[in-house]
Amino acid sequence: MTAAGDGPWLDDAAGRLVRPYTVSNGRTRPSTALDLLSQMRATGATPLGYLGPEHNQALELCRVPVSVAEVAAHLKLPAAVTKVLLSDLVDCGALTTKPPAFHHNPTDRSLLEAVLDGLRRQL
């Protein structure tokens, strides 16, 4: 039995019916270097050729700037698979990417502790 709105891809009891790496045709390396914090945005160009449903969902999510990590979370796919899908869309001109800009030291201990404290409050 499928959950409402999920179509044939999800099953209440079994979970995802299609293996994540099937979505990327078994590819594990994106053709474009993407960081989890890279910002993705749709260009408005229509991609040529067949795109799977996950490509279309990713393209819809990227109407506004969104990070690779956020797209992966919304698609409920591993980050590696999401990077392959997004790089396909970059390659065909449907998406642009902007690397993350760090204005501080991302390994700063006080920053990491503040993030950890925030996460603990959410749990």
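Keep in mind it's a predicted model, so treat the numbers as computed, not measured.

Analysis parameters
Residues numbered from 1 in each chain as written. Predicted model: local features only at pLDDT ≥ 70, side-chain atom pairs only at ≥ 80, totals over all residues. Heavy atoms only, no water. Core = buried A, V, L, I, M, F, W, Y, C linked by side-chain atoms within 4.5 Å. Buried < 20%, exposed > 50% of the residue type's maximum accessible area, 1.4 Å probe, protein only. Helix = DSSP H or I, 4+ residues; strand = E, 2+ residues; numbered from the N terminus. Contact = heavy atoms within 4.5 Å. Axes fitted to C-alpha atoms, helices over the stretch in contact; angles between N-to-C directions. Parallel < 35°, antiparallel > 145°, perpendicular 65-115°, else oblique. Left-handed = near helix turned anticlockwise from the far one by under 90°. Nonpolar A, V, L, I, M, F, W, Y, C, P; charged D, E, K, R; others polar. Pairing = 2+ DSSP bridges.

Draft legend 1. Just the nonpolar core, in detail. Within the largest apolar cluster, 18 residues are counted, with the highest numbers of intra-cluster contacts made by Met-40, Cys-62, Val-71, Leu-86, Leu-89 and Leu-95. Elements represented by at least two residues in this core include exactly helix H2 (53–61), helix H3 (68–75) and helix H4 (79–91). For this core, the leading source of residues is H4, giving five residues. Among residues more than four places away in sequence, those in contact with Val-71 are Ala-58, Leu-61, Cys-62, Val-66, Thr-82 and Leu-86.

Draft legend 2. Expanded view of the packing of H2 against H3. Viewed as axis vectors pointing N to C, H2 and H3 meet at an angle of 130 degrees, and their least axial separation amounts to 10 Å. For the element pair H2 / H3, the angle class is oblique. The crossing of H2 and H3 is right-handed. On H3, the residues that touch Glu-54, Gln-57, Ala-58 and Leu-61 of H2 are Val-71, His-74 and Leu-75. Class assignment of the residues belonging to the contact of H2 with H3 gives a composition of four nonpolar, two polar and one charged.

Draft legend 3. Looking closely at the sheet that holds strand E4 (residues 66–67). Judged by pairing direction, the sheet is antiparallel, and its three strands sit side by side in the order E4-E3-E5 without closing on themselves. Each edge of the open sheet is held by one strand with a lone partner, namely E4 and strand E5 (95–98). Pairing geometry for strand E3 (residues 39–42) and E4, over two bridges, is antiparallel. Following the sheet pairing, Met-40 is matched in E4 by Val-66.

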